[in-house]
Amino acid sequence: MSISLFINLKNSSNKLATIAVSVLMMTLLSACNDNNTSIPVVMPEPEPEPTEYSYQVTVTNLTYAQPLSPVTVVLHADEKMWMIGTSASIALEKLAEAGDNTDFIAQDSIITSMSDDGVLMPGLSSMITVSTTDTSATHLSVITMLVNTNDAFSGLTGLELSNFDLDQTNSWNLNVYDAGTEANSEMAGTIPGPADGGVGFDEMRDDVNVVTLHPGVVSQDDGLTNSVLTQTHRFDNPAIKLTITRIK
Amino acid sequence: MKIKSLISTITLVAASASTMAQDLDITLTNLSQGLYFTPILTTAHTSDSSVFSLATAASAELQAMAEGGDISGLVSMLSNANANTNENPASGLLAPAMSTSYMLTNDSTNTLLSLTTMILPSNDGFVGLDSWTIPTEVGTYTIMLNAYDAGTEANNELIIDGGGAPGTAGIPAAPGGDAGTNGSGVTNSETNMMVHIHRGTLGDDDLAAGKSDLDNRVHRWLNPVAKLTIVVK
């Protein structure tokens, strides 16, 4: 912001100056129709206030019967929080197996985070606003677990924010990933969601140990005898709709 | 004088170019292996209208389309809203792996494109496009379409005569003639009454009994189920 200093010309005592001022005043009066005539003097700009960037993130649960764990939005530098074919971090494993984002948002690389308080039920939307003045927060990730599964999650990671103009809105339909950290047994005691109420995180890695797209759940109705899931818990891509608007 | 009239002519042409109606050449392809699409409805409309909206309860007009393939309600709703529509370009069903091509001319104010067609055999599954902004730039645009569930009928997966009427649970027909009978019903309830991504049909391999009348080797799908190509001319 620039600061302007105003000098009142009416206090001038010099005759020449008075005439000059009168002429100037007439000109100014006719030009701007303003009685408080003054000349702005531009001062050097002070240190700029840090610019705040703000993003409104909306997630819609498109599934039939998969509640989503508290939707989590994080800002960070140029980095992917997960990648197909790469082993999941323990923070990602905890989120994908238990819906618990405590470790995920505590990661050293996370500059700012915002998350929902509760689960997001099917057919509903949630809106989170995340803001920062930190210029190193150049990328955004969104993540949530499909809680009636062993280790399925959906989200978007490493979205570059420099492409966003003010008030610009972008939307994505997002697919479901498998963290690859827990076998998709669908057995009682292994699924944290309401279909089971089992344990979430188990540090044992009894699956492929790389992130992939999810093959879908089988369910007891489709012949997986020991599954606690029913045909209602099956899903297809996309599982969530993500909309991001830069509001500052 | 001559120059002046020439200038005003140019101005008129320039002004009308940005607000002129667009001609769209459209092709819809059924990407599935065992699904049929009922009469297709394609429409260009304003942001005041929508045919369906995700995570929102279906209108009665959408329900009639999704449960029985009846587009008349949606057509009259759209015509009241001064939308441009193309109805039933395939003259009936669009079979698996088949395409249909047609034209739609949209008025300058109708800048959003939507499409619906019911999936057979399903209880209330449909293929949809919701309010896609029609580009002003000339070119060919391709959109992959997903299968949605209208959330208005329990997916019991039973072929029932009259099952296409709103309020009557059941699938009206399996046009491939490859469905079973005497299923006990997959479910009696629909807990998510908002339009959502279809979880897929379950089916089973017992065509004379079992839970479903659908065949789990024939009637399943994964998204996307259709491809829409739009040529803006």
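Remember, predicted model here, so these are calculated numbers, not experimental data. (Residues numbered from 1 in each chain as written. Chains lettered and ligands numbered in written order. Predicted model: local features only at pLDDT ≥ 70, side-chain atom pairs only at ≥ 80, totals over all residues. Heavy atoms only, no water.)

### Quick look at the packing of helix α2 (residues 60-68) of chain B against helix α3 (residues 72-80) of chain B
Residues and elements named next belong to chain B.
Link 1 in the chain: Direction vectors running N to C along α2 and α3 enclose 145°, while the axes themselves pass 7 Å from each other. From α2, Glu-61, Leu-62 and Met-65 reach across to α3, where they touch Gly-73, Leu-74 and Met-77.
Link 2 in the chain: Looking at the contact of α2 with α3 residue by residue, the class counts come to four nonpolar, one polar and one charged. (Axes fitted to C-alpha atoms, helices over the stretch in contact; angles between N-to-C directions. Helix = DSSP H or I, 4+ residues; strand = E, 2+ residues; numbered from the N terminus. Contact = heavy atoms within 4.5 Å. Nonpolar A, V, L, I, M, F, W, Y, C, P; charged D, E, K, R; others polar.)

### Quick look at the sheet that holds strand β4 (residues 72-76) of chain A
All names here are of chain A.
Link 1 in the chain: Spatial strand order, β5-β4-β7-β8-β10-β11: six strands in an open sheet with antiparallel pairing. In this open sheet, the two edge strands, each paired with only one partner strand, are β5 (110-115) and β11 (212-213).
Link 2 in the chain: Pairing of strand β7 (residues 139-145) with strand β8 (residues 152-160) involves six bridges; the strand directions are antiparallel. Each bridged residue has a counterpart across the sheet, and for Leu-140 the counterpart in β8 is Leu-159.
Link 3 in the chain: The strands touched by helix α2 (residues 90-98) are β7 and β8; relative to β7, the strand with the most contacts, the crossing angle is about 40°. (Pairing = 2+ DSSP bridges.)

### Quick notes on the environment of Leu-207 of chain B
Residues and elements named next belong to chain B.
Link 1 in the chain: With respect to the helices and strands, the residue Leu-207 is situated in the loop between β9 (196-197) and β10 (226-232).
Link 2 in the chain: Residue Leu-207 is classed as partly exposed on the basis of its relative accessible area of 32%.
Link 3 in the chain: C-alpha of Leu-207 to C-alpha of Asn-182: the two residues are 25 residues apart in sequence and 7.9 Å apart in space.
Link 4 in the chain: Setting aside anything within four residues of it in sequence, one finds Leu-207 in contact with Asp-178, Ala-179, Gly-180, Thr-181, Asp-213 and Asp-215. (Buried < 20%, exposed > 50% of the residue type's maximum accessible area, 1.4 Å probe, protein only.)

### Observations concerning the pattern of salt bridges
Link 1 in the chain: On inspection of all chains with the given rule, the structure shows seven salt bridges over all chains.
Link 2 in the chain: The salt bridge partner of Lys-94 of chain A is Asp-103 of chain A, with a shortest N-O separation of 2.7 Å.
Link 3 in the chain: Taking the relative accessible area as the measure of exposure, Asp-103 of chain A reaches 32% and is therefore partly exposed.
Link 4 in the chain: Between Asp-221 of chain A and Lys-211 of chain B there is a salt bridge, and its shortest N-O distance comes to 3.1 Å. Taken together, the residues Asp-221 of chain A in the loop between β11 and β12 (240-246) and Lys-211 of chain B in the loop between β9 and β10 connect one chain to another.
Link 5 in the chain: Classification of Lys-211 of chain B as partly exposed rests on a relative accessible area of 29%. (Salt bridge = Lys/Arg side-chain N within 4 Å of Asp/Glu carboxyl O.)

### Some thoughts on the interface of chain A and chain B
Link 1 in the chain: Taken together, the contacts link 15 residues of chain A with 23 residues of chain B.
Link 2 in the chain: The tally of links between chain A and chain B comes to two salt bridges.
Link 3 in the chain: The interface formed by chain A and chain B includes 11 residue pairs in polar contact (both at pLDDT 80 or more).
Link 4 in the chain: A class-by-class count of the residues in the side of chain A that touches chain B yields five nonpolar, six polar and four charged. (Polar contact = N/O pair within 3.5 Å; in protein donor to acceptor, adjacent residues only side chain to side chain.)

### Here's the deal with the confidence of the model for chain B
Link 1 in the chain: Per-chain confidence: chain B averages 93 in pLDDT, with 92% of residues scoring 70 or above.
Link 2 in the chain: Every residue in residues 6-18 of chain B scores below 50 in pLDDT, and together they form zero contacts with partners more than four places removed in sequence or on other chains. (pLDDT = per-residue confidence, 0-100.)

### Comments concerning α3 of chain B
All names here are of chain B.
Link 1 in the chain: Buried residues of α3: Leu-74, Val-75 and Leu-78, and no others. The buried residues of α3 occupy one face: seen down the axis, they fall within an arc of 100°.
Link 2 in the chain: Each element contacted by the buried residues of α3 is listed here: β3 (41-45), α2, β4 (84-87) and β6 (112-120).
Link 3 in the chain: Asn-82 sits one or two positions beyond α3 and adopts a positive phi of about 60°. (Arc of directions from axis to C-beta.)

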